[in-house]
Amino acid sequence: VGQRYLIQHSAGSGKSNSISWLSHQLVELTDNKDTSTVFDSIIVVTDRVVLDRQIRDNIKQFAQVKGVVEAITEGSKQLKQALEEGKKIIITTVFKFAFIIQEIKSLADKKFAIIIDEAHSSQSGTAAAKMSAALNKTEEEEEETTEDKILRIIEEQKLAPNASYFAFTATPKNKTLETFGVKNADGKPQPFHNYSMKQAIEEEFILDVLANYTTYQSYYKIQKIIDDNPKFDTKRAKKKIKQYVEGHPQVIRQKAEIMIDHFLAEVIDQGKIKGEAKAMVVTSGIMNAIRYKLAFDAYLREINSPYKTIVAFTGSKNVDGKMEDESSLNGFPSKEIPEEFKKSEYRFLIVAEKYQTGFDEPLLHTMYVDKPLAEIKAVQTLSRLNRAYKPDKKDTFILDFVNSADAIKAAFEPFYQTSILSEETNIDRLNDLQDALDNYQVYSETQVNELMTIFINGGEREQLDPILDECKQNFIDELDSEQQVDFKKKAKSFVRNYQFLVQIRSFRNSYWESLKTFLKLLLNKLPNLNDTDLTKGILESIDIDSYRVELQTTLAIQLEGGQEIAPTPADTLGSQYDPKVDYLSQIIEEFNQRFGNIPWAENDQVWRFLLEQLPNEVSQDEEYQNAKKHSDRQNAKITFEKKLVDKFQTFIFDHTEAYRQFTEDPDFKVWLANTLFNQDYNQEAA
C-alpha cells in the first residue's frame with residue numbers, strides 16, 4: 001500500500017480489459033502474512049462518460065457474484081455509501097469523486113487501490129488534489145495551531161499513504177511520468193510497465209495509422225473589396241483572415257468533394273473492411289463542423305449517394321439566424337450518436353473536438369483532418385483508426401489538409417516505445433517564482449500570513465477583502481502594464497507548480513502554502529489587462545479572389561522511438577501584447593505571399609465565379625425567388641436557367657474563354673445549370 005504504478009498501454013490494444021482484469025486481481029490479493037485482503041476497496045476512476053460506461057460493462061462481465069461491482073450513477077450519496085460499506089469494486093468519475101470530498105469523514109483506517117484511466121487527464125488541475133485529500137482525511141486534533149493546520153493542508157494534498165495508485169495511459173505527459181513513474185538506471189522517470197505502440201502493432205493488436213498518410217496543401221489569394229485602406233493589427237488580422245478562408249463555405253465545399261470522392265473511390269470501391277468502412281472528419285471548430293455537415297449532405301444528394309453523415313459537437317451554434325445543435329442537424333438525440341453511427345448508411349462522422357478521444361469504433365478506416373494537431377492530441381485523435389477488425393480490416397488511411405508529415409512524426413515519436421522524462425521538475429522553480437513575486441512588493445509577508453490565519457480559521461469574506469483590496473491597489477498603482485502582465489503570469493505559475501510539486505515531493509514550507517492560497521484569492525480580484533482588438537472590420541473589408549487545394553504526397557511515416565519527453569518548461573518573462581498595425585493593402589499582400597505564392601491561372605478565378613459568385617447572384621434575384629416561392633420545381637428551374645444566362649452576360653468581356661465554352665458547348669451549359677440549380681434548390685429545401 002502507498003505505491004504508485006504507471007502503466008503505459010497503447011491506445012486500442014485492450015486497455016479497458018486490462019483495467020477490468022486488474023480490478024479483480026486486486027480484489028483477491030492477500031497479504032503473505034495472513035489471508036486478509038490487502039485492499040478494502042478498489043476504486044476505478046475515469047474522466048469521460050464513454051469510458052466510464054465501457055469499463056463498467058467490462059468489469060460487470062468479469063464479476064459473476066452480485067454486488068461485487070458498484071457503478072456510481074446516482075451521485076455523491078451513492079458513492080459515500082459504497083465507500084463506507086466497503087464495496088469491493090467502485091466505478092466512478094473523477095468529477096463525482098471530487099464532488100463528495102467534504103462528506104467523507106474518515107477513510108484513513110482503510111486501504112484502497114485506485115485505478116486511474118487516462119491518468120494525464122484524470123490527474124490534472126485541483127481534482128487530483130481533492131481526491132488525495134479525501135483519502136487522507138482524519139479526525140482533527142485538538143489545540144491545532146495555524147501552523148499545524150497549514151502543514152496538514154500540505155499533507156492532505158499529497159498522494160494518500162493508505163492507497164496504491166495504478167495509472168493507465170497511452171500518452172503519458174511529463175507531469176504524469178513524474179507523479180506516477182519509476183526511475184530508470186539514469187534516474188529518469190518512466191512507466192512501471194509498458195505495452196508500447198510499437199509492440200502492439202508488431203503483434204497485430206492494433207494497426208499502424210501512419211502507414212498511409214496523404215497531405216494536401218491549400219492556397220488562397222485575398223482581395224480588398226473596399227475603397228479605403230484602413231490599418232489593422234497585422235498579426236491578428238492575418239490569423240482572422242486564415243480562419244475566414246479555411247471556414248468559407250465554398251472552400252469547405254471543395255474539400256468536402258475531395259473527401260467524398262476519395263472515400264467512394266479508394267475506400268468503398270476498393271471494398272475496405274468488406275464494404276463496411278467508415279470515416280471521421282476532424283474539423284477545427286463547431287461552425288466548421290456544421291458547414292462540413294451541410295456541404296457533405298448537399299454533395300451526397302447531388303451524386304445520389306446512399307450514405308449519410310452524423311455531426312458531433314458540444315453545445316449549440318447560431319447558423320444563419322437559427323440555433324443548431326447535434327439533435328437538430330442529425331435528427332436524433334445526442335446520446336444516440338454512437339449507436340446510430342453503427343448503422344450501415346452512416347459512413348461519415350464529422351466532429352469538433354468530441355469523439356477525438358475515447359471513441360472506439362473498429363469500422364473506422366479513414367480520417368480526413370482539417371485541423372491543426374500536435375503532441376498528445378495528434379496521437380489520441382489519429383489513434384481512433386487503429387482498432388483491429390480481424391480479419392477484414394487490413395489497413396487505414398489518413399488525408400490531412402493542415403498538418404505536415406514531419407509534424408505528425410514528431411508528435412508520435414515520444415509515445416512509440418517507452419516514454420521517458422528527460423529530467424524532473426526542479427523545486428528551485430518555486431524559490432525563483434517567490435523571489436520574483438515578492439520583489440514586486442504588491443504584498444508583504446505579513447499580509448500573506450495574516451490572510452492565511454483568517455482563512456484557515458474559517459474567517460468570512462469581509463475579513464479577507466480588506467487585505468486583498470489593499471494589495472490590488474498596489475498592483476494598479478505601483479506596476480506598469482508590462483509588470484502587471486508579468487506578475488499575473490508568475491502568480492498563476494506559482495499556484496500551478498506548487499499544487500503539482502506538493503503532491504510528489506517531500507518538503508515542509510508553510511509560507512509556500514500560505515502564498516499559494518493568497519495568490520489564488522488575489523488573482524480573482526486583479527483587473528483584466530487591456531488588450532484592445534484592432535482587427536474589427538477586417539473580414540468586411542476582404543474577400544477570396546482565388547483558392548486551390550493540391551495533393552502534396554502520400555507516404556508511410558516511419559517511427560523510431562527513443563525521443564524523451566521534456567519536463568514542464570520554466571516560466572519566462574511575461575509581456576503585454578504589443579500590436580503592430582499596418583495598412584490593409586500591405587496585410588493582404590503579405591498574406592497572399594505567405595499562403596498564395598503560386599502561379600495562379602485564370603481558371604482559379606473562373607471557377608470561383610462559376611461555383612460561388614454566380615450562384616449567389618442568381619439565388620438572390622427577385623424573379624427567381626418568386627418562382628421558388630410561388631411555382632413548382634420545373635418552372636423554378638426554367639427561371640434559374642434564364643437568370644443564369646443573364647448574369648453570365650456581364651462576365652463575357654473579362655473571361656472570353658469561359659463565355660465561349662458556356663455558349664458553344666451545350667453539354668457544359670446543361671451541366672453547369674443543373675449543378676447550380678440542384679445545389680441551391682436542395683439547400684433551400686433542407
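Enquirer: Is there a simple way to think about empty space enclosed by the protein in this case?
Expert: The rolling of a water-molecule-sized probe over the atoms marks out the regions of remaining empty space. The tally for this structure, following the rule as stated, stands at two cavities of 30 Å³ or more. Here the residues of the lining of the largest cavity sort into seven nonpolar, two polar and one charged.

Enquirer: What is the right way to look at the pairing of strand E12 (residues 278–283) in this model?
Expert: Across the six residues of E12, six count as buried, placing the element largely inside the fold. What you see with E12 is no split at all: Lys278, Met280 and Val282 on one side and Ala279, Val281 and Thr283 on the other are buried throughout. Of the pairings in the sheet, the one linking E12 to strand E17 (residues 364–370) comprises six bridges and is parallel in character. Paired with Thr283 across the strands is Asp370, a residue of E17. Two strands pair when backbone bridges link them, and E12 and strand E16 (residues 346–351) are joined in this way by four bridges, in the parallel orientation. What sits directly across from Ala279, in E16, is Phe348.

Enquirer: Which parts of the structure should I look at to understand the side chain of Asn386?
Expert: Checked against the element boundaries, Asn386 lands in the loop between helix H15 (375–382) and strand E18 (397–400). The class for Asn386 is buried, based on a relative accessible area of 3%. Aside from chain neighbours lying at most four places away, what touches Asn386 is Ala11, Gly12, Ile206, Leu207 and Val209.

Enquirer: I tried to follow helix H3 (residues 76–84) on my own but got confused; where do I start?
Expert: Side chains three or four residues apart in an α-helix point the same way, a direct result of the helix having 3.6 residues per turn. If you check which residues of H3 are buried, you get Ser76, Gln78, Leu79, Ala82 and Leu83. The buried residues of H3 occupy an angular sector of 165° when the element is viewed end-on, so they sit on one face. Trailing H3 by a residue or two, Gly86 shows a phi angle of about 70°, which is positive.

Enquirer: In this structure, what is going on with the sheet that holds strand E10 (residues 213–224)? I would like to understand it.
Expert: Each strand in a sheet pairs with another by means of backbone hydrogen bonds, the pair being arranged parallel or else antiparallel. Pairing is mixed across the open sheet formed by seven strands, whose spatial order is E13-E16-E12-E17-E18-E10-E19. Because the sheet does not close on itself, it has two edges, and the strands there are strand E13 (308–312) and strand E19 (542–555). Neighbouring strand axes in the sheet, compared pairwise and without regard to direction, differ in orientation by 15° on average. Where helix H12 (residues 286–302) meets the sheet, it contacts E12, E13, E16 and E17, and its direction lies at approximately 175° from that of E13.

Enquirer: Sorry, what's going on with the nonpolar core here?
Expert: Most often, soluble globular proteins have nonpolar side chains that are buried together. Within the largest apolar cluster, 57 residues are counted, with the highest numbers of intra-cluster contacts made by Leu210, Met280, Leu349, Leu382 and Phe412. Leu382 has contacts with Val209, Leu210, Tyr213, Met367, Val369, Leu373, Ile398, Ile408 and Phe412, leaving out every residue within four places of it along the chain. By size, the runner-up hydrophobic cluster in this structure holds 35 residues, among which are Met259, Phe263, Ala279 and Val311.

Enquirer: I keep staring at the packing of helix H17 (residues 428–439) against helix H21 (residues 510–523) and nothing clicks. Help me out?
Expert: Two numbers describe a pair of packed helices, the interaxial angle and the distance between the axes. Between H17 and H21, the shortest axis-to-axis distance is 12 Å and the interhelical angle comes to 55°. For the element pair H17 / H21, the angle class is oblique. Pair H17 / H21 crosses with left-handed handedness. Contacts from Leu430, Asn431, Gln434, Leu437 and Asp438 in H17 reach Tyr511, Trp512, Leu515 and Leu519 in H21. A breakdown of the residues in the contact of H17 with H21 according to their chemical character gives six nonpolar, two polar and one charged.

Enquirer: Would you take a moment to explain the pattern of salt bridges for this structure?
Expert: Any two side chains of opposite charge can pair, so long as their charged atoms come close to each other. Per the counting criterion, the structure on display carries 29 salt bridges. The shortest N-O distance in the salt bridge between Arg461 and Asp465 comes to 2.9 Å. Of this pair, Arg461 and Asp465 are both found in helix H19 (residues 461–478), four residues apart, which corresponds to roughly one turn of the helix. Classification of Arg461 as partly exposed rests on a relative accessible area of 37%.

Enquirer: Explain the pairing of E17 here, please?
Expert: The side chains of a regular strand alternate, residue by residue, between the two faces of the sheet. The element E17 is largely enclosed, with a buried count of seven among its seven residues. For E17 and E18, the ladder comprises four bridges, and the chain directions are parallel. Bridge assignment links Met367 to a residue of E18, and that residue is Ile398. Regarding topology, H15 serves as the crossover connection from E17 to the parallel E18, and that connection is right-handed.

Enquirer: Would you explain the environment of Glu257 in this entry?
Expert: Assignment of secondary structure puts Glu257 in helix H11 (residues 249–268). In this structure, the C-alpha to C-alpha distance between Glu257 and Phe296, residues 39 residues apart in sequence, is 7.6 Å. Within the local environment of Glu257, its side chain forms a polar contact with the side chain of Arg253, the two groups lying 2.6 Å apart.

Enquirer: Just checking my understanding: could you explain the sheet that holds strand E1 (residues 4–9) for this structure?
Expert: Read across the sheet, seven strands follow the order E3-E4-E2-E5-E6-E1-E9 without closing on themselves; strand pairing throughout is parallel. The outermost strands of the open sheet, each flanked by one partner alone, are strand E3 (69–71) and strand E9 (193–195). Shown here is a sheet whose adjacent strand axes are inclined to one another by a mean of 15°, direction ignored. Where E1 lies against strand E6 (residues 163–169), five bridges are found, and the strand directions are parallel. Paired with Arg4 across the bridge in E6 is Tyr165. Strand contacts of H3: strand E2 (41–46), E3, strand E4 (89–93) and strand E5 (112–117), with the helix running at about 150° to E4, the strand carrying the most contacts.

Enquirer: I keep staring at the environment of Arg508 and nothing clicks. Help me out?
Expert: If you trace the backbone, Arg508 turns up in the loop between helix H20 (481–504) and H21. Take Arg508: its relative accessible area is 60%, and that puts it in the exposed class. Along the backbone, Arg508 and Leu151 are 357 residues apart, and their C-alpha atoms lie at a distance of 7.1 Å.

Enquirer: I keep staring at the environment of Lys525 and nothing clicks. Help me out?
Expert: Here Lys525 lies in the loop between H21 and E19. Distance from Lys525 to Asp465, taken between C-alpha atoms, is 9.3 Å for residues 60 residues apart in sequence. Setting aside chain neighbours within four positions, we find Lys525 in contact with Arg461, Asp465, Leu468, Asp469 and Lys472.

Enquirer: Is there a simple way to think about the confidence of the model for the protein chain in this case?
Expert: Any residue range with low pLDDT should be treated as having predicted coordinates unsuitable for detailed reading. In the predicted model, the protein chain carries a mean pLDDT of 82, and the fraction of residues at 70 or more is 82%. Low pLDDT (under 50) marks residues 100–105, which in the prediction has 15 contacts with non-local residues, meaning those over four places away or in another chain.

Enquirer: Help me out: how do you make sense of the packing of aromatic side chains in this one?
Expert: Any two aromatic rings considered together are summarised by their centre-to-centre distance and by the angle between their planes. Overall, the coordinates contain 18 aromatic pairs when judged by the stated rule. Aromatic side chains Phe591 and Phe595 sit 4.7 Å apart centroid to centroid with 45° between the ring planes, which places their arrangement in the tilted category. Of the two residues, Phe591 and Phe595 are both situated in helix H22 (residues 584–595); the distance of four residues between them amounts to about one turn of the helix. Each of the two residues, Phe591 as well as Phe595, counts as buried. Connected via pairs of aromatic rings, a cluster forms that spans Tyr440, Tyr443, Phe475, Phe487 and Phe518. The lysine or arginine in question, Lys231, covers the ring of Tyr583, its NZ or CZ lying 4.7 Å from the ring centre. The ring of Phe205 has Lys390 sitting right over it, with the charged end atom 5.8 Å from the ring centre.

Procedures and definitions
- Residues numbered from 1 in each chain as written.
- Predicted model: local features only at pLDDT ≥ 70, side-chain atom pairs only at ≥ 80, totals over all residues.
- Heavy atoms only, no water.
- 1 Å grid on protein atoms, 1.4 Å probe; cavity = no way out; pocket = protein on both sides within 12 Å on 5 of 7 lines; lining within 4 Å.
- Points joined across faces, edges and corners; volume = space filled by probe spheres on them.
- Nonpolar A, V, L, I, M, F, W, Y, C, P; charged D, E, K, R; others polar.
- Buried < 20%, exposed > 50% of the residue type's maximum accessible area, 1.4 Å probe, protein only.
- Helix = DSSP H or I, 4+ residues; strand = E, 2+ residues; numbered from the N terminus.
- Pairing = 2+ DSSP bridges.
- Contact = heavy atoms within 4.5 Å.
- Arc of directions from axis to C-beta.
- Axes fitted to C-alpha atoms, helices over the stretch in contact; angles between N-to-C directions.
- Core = buried A, V, L, I, M, F, W, Y, C linked by side-chain atoms within 4.5 Å.
- Parallel < 35°, antiparallel > 145°, perpendicular 65-115°, else oblique.
- Left-handed = near helix turned anticlockwise from the far one by under 90°.
- Salt bridge = Lys/Arg side-chain N within 4 Å of Asp/Glu carboxyl O.
- Right-handed = clockwise from strand over helix to strand, strands pointing away.
- Polar contact = N/O pair within 3.5 Å; in protein donor to acceptor, adjacent residues only side chain to side chain.
- pLDDT = per-residue confidence, 0-100.
- Phe/Tyr/Trp six-rings, centres within 6.5 Å; stacked < 30°, edge-to-face > 60°.
- Lys NZ or Arg CZ within 6 Å of the ring centre and 35° of its normal.

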